[in-house]
Every structure is written in structure tokens, then in C-alpha cells.
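# Tertiary structure, described
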Amino acid sequence: MTLIAHMTDLHLRPRGLACYRVSDTNMFAERAIRALKSLDPQPDALVITGDLTDRSDPREYAVARELLSRLDMPVFLLPGNHDSTSGMRREMSNFPGISETGDGKICYTAKVGDVQLIALDSHLPGSPKGELGPWQLAWLDSRLKEAQVPTLLALHHPPALSGIAHMDNMGLVDADALAEVIAPHAHVERIICGHLHRPIIASFAGKVMTLAPSTGHQVVLDLTENGPALFNFEPPAYFLHYHSEATGVVSHMAYVEAFPGPHHFFADEGVVWPGDET
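Residues numbered from 1 in each chain as written. Predicted model: local features only at pLDDT ≥ 70, side-chain atom pairs only at ≥ 80, totals over all residues. Heavy atoms only, no water.

## Digging into the side chain of Gln136
Under the convention used in this document: Numbered from the N terminus, helices here are DSSP runs of H or I no shorter than four residues, and strands are runs of E no shorter than two. Here's how the labels work: a residue is buried when its accessible area is under 20% of the maximum for its type, exposed when over 50%, partly exposed in between, all with a 1.4 Å probe on protein chains only. Working rule for contacts: check all heavy atoms of both residues, and any pair within 4.5 Å makes them a contact.
In this fold, Gln136 is placed in helix 4 (residues 134-146). The class for Gln136 is buried, based on a relative accessible area of 1%. Dropping the residues within four chain positions of it, Gln136 is found in contact with Lys105, Ile106, Cys107, Leu120 and Asp121.

Next up, the structure:
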């Protein structure tokens with residue numbers, strides 16, 4: 001059994017500053033790490049699919065290093081549009097895979113339990129849109145042909161459209177080229193992404209794409225044609241990807257905040273549960 005936690009869009013800020021002046025993303029991230037540490041069993045790894053920082057500020061990366069140092073598991077990072085490839089390489093070089101880059105991109109493979117993780121870099125300098133580029137797509141094709149094992153493909157920008165127009169307008173510009181690369185490979189069991197600050201599940205190139213919500217603020221669900229770019233404070237959350245030979249990849253959403261419970265379903269039927277004898 002392999003358990004991989006997937007967080008995204010932390011948008012960390014220098015200490016004392018809020019994101020967009022109203023979202024205390026550092027506080028939400030603290031709670032997310034606390035929630036992760038409380039899990040039993042503990043995940044085998046954490047993957048953060050970009051926008052670790054809000055402005056690729058060295059002070060934000062310093063907050064990230066301190067926060068992630070509390071975890072007793074490998075942490076795999078890749079850049080989003082709010083990060084920068086050069087900034088992440090410079091400030092987070094001690095994290096696995098960051099130094100294993102090519103053609104100016106942060107892309108690497110990692111073995112997590114019985115799953116292969118392939119991290120891709122969709123950061124496009126100067127643009128909120130994403131792009132993988134020919135070199136990285138060729139690199140991905142080679143990696144997929146080398147290892148025919150259950151694979152999670154991680155990138156920031158989702159390759160499938162969501163119906164949220166203002167976010168789809170800043171999507172992955174070479175999504176069609178990515179589809180051509182991964183479609184023949186049945187062992188790609190999940191594509192995991194961020195960027196849209198919402199929990200979204202879609203099909204792409206015959207694969208399942210799971211897009212995790214932010215650990216902080218969320219994008220408003222607006223499926224109108226010209227909806228404005230707005231965010232709110234729906235419950236922050238993250239994904240847990242469970243893999244076993246019997247199940248393949250199963251994805252669960254877990255919340256950052258604590259809620260009342262747990263309560264027994266059959267407490268009013270006279271059932272005595274262990275620990276309730278008195």
C-alpha cells in the first residue's frame with residue numbers, strides 16, 4: 001500500500017502579510033501541515049503541485065522551508081505560475097528532485113512505495129498560463145517508456161478544461177501535445193494538478209485528472225461564460241492518493257480544518273463499542 005498526500009496553491013507570504021490582503025495563507029498552511037501530521041497511517045510522501053509561494057519572494061521560500069521541515073516524509077515540489085523555476089531551484093535546492101533539472105525546467109522522477117511520481121514544470125515566465133515545451137515532453141515520453149509501473153503525473157496547470165472561463169484562459173497551452181505523449185501509456189493512473197483552487201475531477205487523454213483545492217482560499221464556482229475572477233473561503237482541503245495492487249489509485253479529499261465528531265452511527269441502538277463500556 002502506498003499513500004501520497006497532495007497539496008497545492010499554498011501561496012505563502014512573508015510573515016505578517018496576507019495574500020491579497022485578506023487571505024491568511026500562512027495560517028491555513030500551518031493548519032494543513034498539522035492535519036497531515038495527525039494522519040494515521042502517515043503518508044509515504046507529500047507532493048505540492050506549485051504556487052508554493054505567492055510572489056517567489058525569498059522570504060516566502062524561507063517560510064516554506066521552515067514549515068516543511070516539520071514533516072517526517074519526503075516532500076516533492078514543482079513550480080506554479082506564482083513561483084519561478086529559478087527561484088525554486090535557488091531557494092529549495094535541498095528538496096528531492098529540485099537539482100535534477102534539464103533545459104531550464106524542474107522535472108524529475110521519484111519512486112514512492114510502489115508508485116512512480118513524475119514531476120513536471122509548467123511555469124511560463126511572465127505569464128499566468130502554463131507550458132511544458134518540446135524538450136520536457138520528449139523527456140516525459142522517454143521516462144514513461146522506461147518504467148511500466150503505476151505512475152502519478154504531477155504538474156501545476158491542469159491540461160483539461162474546467163468550465164471556469166477565467167481560469168481556463170490561463171491554462172496549459174500545450175495540453176494537446178501532452179495528450180499525445182501520455183495517451184498510449186496505460187500505466188499513467190492519475191494526473192494530479194493545482195492552479196484552479198477547487199476540487200475538480202476530469203478525464204484527459206483517457207486518464208483521470210484530479211485537481212486539488214487550495215490549502216487556503218478557493219476560486220468561486222462560476223460556470224457562466226464571462227464570470228469575474230473571484231475567490232472565497234470555502235473549506236481548504238488537500239488530496240490523499242491511495243494505491244494498492246487491488247485498487248489502483250483511489251483519491252480522497254481531506255480537510256485542513258477540524259470538524260465536530262467522529263460520532264458512532266449506531267450509538268442509539270444499544271451497541272457497545274470498545275472504550276464505551278463505562
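Don't stop here, the text continues.
## Topic: the pairing of strand 1 (residues 2-7)
Working note: regular strand, side chains alternate between the two faces of the sheet. Operational definition: The pairing criterion is simple: DSSP has to find at least two bridges between the two strands. Handedness of a crossover is defined as follows: orient the strands so they point away from the viewer, and if the path from the first strand over the helix to the second runs clockwise, the crossover is right-handed.
Taken across its 6 residues, strand 1 has 6 buried, putting it largely inside the fold. Residues Thr2, Ile4 and His6 point to one face of strand 1 and Leu3, Ala5 and Met7 to the other, with burial holding for every one of them. Examined bridge by bridge, strand 1 and strand 14 (residues 237-244) share 5 bridges and lie antiparallel to one another. Across the sheet, the residue bridging to Ile4 is His241, located in strand 14. Both strand 1 and strand 2 (residues 45-49) contribute to a ladder of 4 bridges, which runs parallel. When the sheet's bridge partners are listed, Met7 is paired in strand 2 with Ile48. Handedness of the crossover joining strand 1 and strand 2 through helix 1 (residues 25-37): right-handed.

## A closer look at the sheet that holds strand 2
The strands making up a sheet associate through hydrogen bonds between their backbones, and the pairing can be parallel or antiparallel. To keep it simple, the criterion reads: Here, axes are lines fitted to C-alpha atoms. For helices the fit covers the stretch in contact, and angles between N-to-C directions go from 0 to 180 degrees.
A sheet is described by the order of its strands in space; here 5 strands give the open sequence 3-2-1-14-15, paired in mixed fashion. This sheet does not close on itself; its edge strands, each paired only once, are strand 3 (75-78) and strand 15 (248-255). Between one strand axis and the next, the sheet turns through 20° on average, direction left out of account. Across 4 bridges, the pairing between strand 2 and strand 3 is parallel. Across the sheet, the residue bridging to Thr49 is Leu78, located in strand 3.

## Considering the environment of Met73
By the secondary structure assignment, Met73 is in the loop between helix 2 (58-68) and strand 3. Apart from the residues within four sequence positions on either side, Met73 is in contact with Leu36, Gln42, Pro43, Asp44, Ala45 and Leu46.

## Description of helix 1
What counts here: What a helix should span is 1.5 Å times the count of its residues minus one.
Compared with the 18 Å implied by 1.5 Å per residue over 13 residues, the 18 Å span of helix 1 between its first and last C-alpha is a close match. Of all the residues in helix 1, the buried ones are Thr25, Asn26, Phe28, Ala29, Ala32, Ile33, Ala35 and Leu36. On its buried side, helix 1 packs onto strand 1, strand 2, helix 2, strand 14 and strand 15.

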